[in-house]
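# Inside the fold
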There are 2 protein chains.
Amino acid sequence: MDIAKLGEFGLIDHLTKDIKTKNESTKYGVGDDCAVLCYPDKEVLITTDLLMEGVHFDLTYIDLQHLGYKSAMVNISDIFAMNGTPRQMTVSLAISKRFSVEDIEQFYQGLRLACEKWNVDIIGGDTTSSYTGLAISITCIGEARKEDIVYRNGAKDTDLICVSGDLGAAYMGLQLLEREKSVYYQQVEEARKKNDKRALEELSHFQPDFAGKEYLLQRQLQTEARGDIIEKLREAGIRPTAMMDISDGLSSELMHICKQSGVGCRIYEKNIPIDYQTAVMAEEMNMNVTTCALNGGEDYELLFTVPIGDHEKIENIEDIKLIGHITDEKFGKVLVTRDNQEFELKAQGWNPLEK
Amino acid sequence: MDIAKLGEFGLIDHLTKDIKTKNESTKYGVGDDCAVLCYPDKEVLITTDLLMEGVHFDLTYIDLQHLGYKSAMVNISDIFAMNGTPRQMTVSLAISKRFSVEDIEQFYQGLRLACEKWNVDIIGGDTTSSYTGLAISITCIGEARKEDIVYRNGAKDTDLICVSGDLGAAYMGLQLLEREKSVYYQQVEEARKKNDKRALEELSHFQPDFAGKEYLLQRQLQTEARGDIIEKLREAGIRPTAMMDISDGLSSELMHICKQSGVGCRIYEKNIPIDYQTAVMAEEMNMNVTTCALNGGEDYELLFTVPIGDHEKIENIEDIKLIGHITDEKFGKVLVTRDNQEFELKAQGWNPLEK
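All values reported here derive from a predicted model rather than from experimental measurement. (Residues numbered from 1 in each chain as written. Chains lettered and ligands numbered in written order. Predicted model: local features only at pLDDT ≥ 70, side-chain atom pairs only at ≥ 80, totals over all residues. Heavy atoms only, no water.)

With that settled, the discussion passes to the UniProt feature "binding site: Mg(2+) 2" (unreviewed entry) in chain A. Summarizing the sequence annotation, UniProt attributes the feature "binding site: Mg(2+) 2" (unreviewed entry) to Asp49(A) and Asp78(A) in the numbering used throughout. Taken together, the annotated residues stretch across 30 residues yet fold into one region, lying no more than 9.8 Å apart by C-alpha. Mapped onto the elements of the fold, Asp49(A) is located in strand E3 (residues 43-52). Mapped onto the elements, Asp78(A) comes out in helix H2 (residues 64-80). The residues touching Asp78(A), leaving out its near neighbours within four places in the chain, are Thr47(A), Asp49(A), Asp245(A), Asp33(B) and Cys34(B). (UniProt positions renumbered as here; feature names shortened; annotations may be inferred. Helix = DSSP H or I, 4+ residues; strand = E, 2+ residues; numbered from the N terminus. Contact = heavy atoms within 4.5 Å.)

The subject of this paragraph is the interface of chain B and chain A. Note on interface size: it is often stated as the accessible area lost on association of the parts. Across the contact, 70 residues belong to chain B and 70 residues belong to chain A. Taken over both partners, the interface formed by chain B and chain A buries close to 5,700 Å², and the fraction arising from carbon and sulfur atoms is 56%. Across the chain B-chain A interface, the total number found is six salt bridges. In this assembly, chain B and chain A are joined by 18 residue pairs in polar contact (both at pLDDT 80 or more). With nine residues, strand E3 (residues 43-52) of chain B is the single largest residue contributor to the side of chain B that touches chain A. Classifying every residue of the side of chain B that touches chain A gives 32 nonpolar, 21 polar and 17 charged. In this structure, strand E2 (residues 35-38) of chain A lies alongside E3(B), joined through four bridges in antiparallel fashion. (Buried area = accessible area lost by both parts, 1.4 Å probe. Salt bridge = Lys/Arg side-chain N within 4 Å of Asp/Glu carboxyl O. Polar contact = N/O pair within 3.5 Å; in protein donor to acceptor, adjacent residues only side chain to side chain. Nonpolar A, V, L, I, M, F, W, Y, C, P; charged D, E, K, R; others polar. Pairing = 2+ DSSP bridges.)

Two residues of an α-helix separated by three or four positions point the same way, owing to the 3.6 residues in each turn. The complete set of buried residues in helix H6 (residues 214-221) of chain A reads Leu216(A), Leu217(A), Arg219(A), Gln220(A) and Leu221(A). Each element contacted by the buried residues of H6(A) is listed here: H2, helix H4 (169-193) and helix H9 (276-284) of chain A. (Buried < 20%, exposed > 50% of the residue type's maximum accessible area, 1.4 Å probe, protein only.)

All names here are of chain B. Across the 10 residues of strand E6 (residues 135-144), 10 count as buried, placing the element largely inside the fold. Here E3 pairs with E6 via 10 bridges, running antiparallel. Bridge pairing links Thr-48 to Thr-139 in E6. In the sheet, strand E4 (residues 85-95) pairs with E6 via nine bridges, with the strands oriented antiparallel. By the bridge assignment for E6, Met-89 is matched with Cys-140.

Moving on: the packing of aromatic side chains. Within the structure shown, the criterion is met by 10 aromatic pairs over all chains. Considering the side-chain rings of Tyr184(A) and Phe206(A), the 5.1 Å spacing of their centres and the 50° angle between planes classify their relative orientation as tilted. One end of the pair, Tyr184(A), is in helix H4; the other, Phe206(A), is in the loop between helix H5 (197-203) and H6, with 22 residues separating them in the sequence. Residues Phe107(B) and Tyr108(B) carry aromatic rings whose centres are separated by 6.5 Å and whose planes lie at 65° to one another, so their mutual orientation is edge-to-face. Tyr108(B) shares its class with Phe107(B); the two are buried. (Phe/Tyr/Trp six-rings, centres within 6.5 Å; stacked < 30°, edge-to-face > 60°.)

See below:
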């Protein structure tokens, strides 16, 4: 169905008509100049992200349902990174003419799946057109008790540095998608040069080769916010001293924590958690897997520091790895390699302004 | 200066380094995964807008400082439209390569001017690149006591319908800008056809003719949120029964209030406030000025209803006009013209999805 037929309010109605809000803090959702929330006992956490087609996502790789899911998850992830609980979300879309109502329904389906997973209410937004690509702006609102909020600036000398899950896989997933895309275009070009119509016909059924690399794709296309880790930390009675989510790469994020906490760090290459598929793919691509884990973005794992006294508690939690420790600022930010060499950490994280 | 040089974090640092938050409810602003707010006694209002170049603004008409000011004001206006007080704002920008650091500074200057006017703290956002036009996403957060919040759905039979300021001027300002732009391009084309180099040289100093129409330009380019009206209503002890701001045109907004309140309305053409310059411009453009006032957007005046008992109080407030009254739903939504004819109101407001 053509979007212009429905109009802005028609489309918003259509997408949000069966949304029921579930959180007590949501007093009024979609349908007025503002949404209305109530947080008498907790502090309110606010995070926002603007995602642009061509810069943050490529619709030849990711379908709209996964994109909706991911857009919601990356914002939910920021609430967890403050040790909070996500509660509400506003969603603004700028849509170009090439999208149909069904496309936007797909996007909302993914978005709502992510919101249902973490019990987040969709409370409003804005739907408008774009002359060019798709733009997605999401604001997520969460809550936390004042004493539970974890900032980036609380890391202290001797604290342990931990990460959840494994790193570099989302980046490798992107490399894989880009490789298969270029293989496809190469074959198309060759067939065109030879004017080989049969080859061109066959290429219309081109199947990218993802065998044995499903995990990398999943990490790139089906982002999960690590609320489960936050729950495990709570159950274990651990309150991180500093925390953030890894969206731009471990190296860059760790440098934020060090800078804002006024400390140094020492991490060990051998401790950085890397999945087997990530390592295989890096080898195939002739890339250093540690570099990928340090600088590859979009893993959305949690990076956090805990007091050294929590050493044993942390080691008993599945899916959390201890990768090093915080030092005095004067010792700098150091990576110790497998062969015991020391390097100064550098942030080569993804810079969206250099795209 | 080239933006890529500074990088995302460098640019955010540069733009936000001297921002000081002033509201008690702002616990933590720019610099972490989330901003942190505290609203123990009030309800929290949230509104968001996504503005796309080419759809919502044209940088050949509006400079970046005015655009920053307007982007902030239209969001602040939504908080006032709930009878709230704006407190915080997040700002996300997607910037194409053609913008310099100085351009973005200009945008922020306008933004901060608007925020300072209404004592709003800038608490975060996102800065990224765009392959195409500029995209601006703003979320504004405000507060109100639960009993003070005014929704769209509270209008009752016999309530009086009021608007602040005057209507149609912002739309006429846009017509004026578009007319002068087309005059310019026409002259350039003619000079090119004749290969008249002297005329082309002169056209590089082209001065659009805005004489006597300064108010229209101001209404289009320097949007003001009507917080002063909210204050006056409070001082007079008036609590509107329903309210919204007029962004898409009086007709469309009034229909929202009627639909959500389950009522009808009756407004009088002769009472719709129209500035002299708006009337003159409509005549020049061969347009019906009432149609402009009913359907022209971007005035950001307040449309609200008050109990009939407040009649005298309302009439004593400067810059508020009584344009009609609420009726039972069965009487429909009626415009009474100057010659006492009755028409069914239609929403022909601006549809951003039809651009």
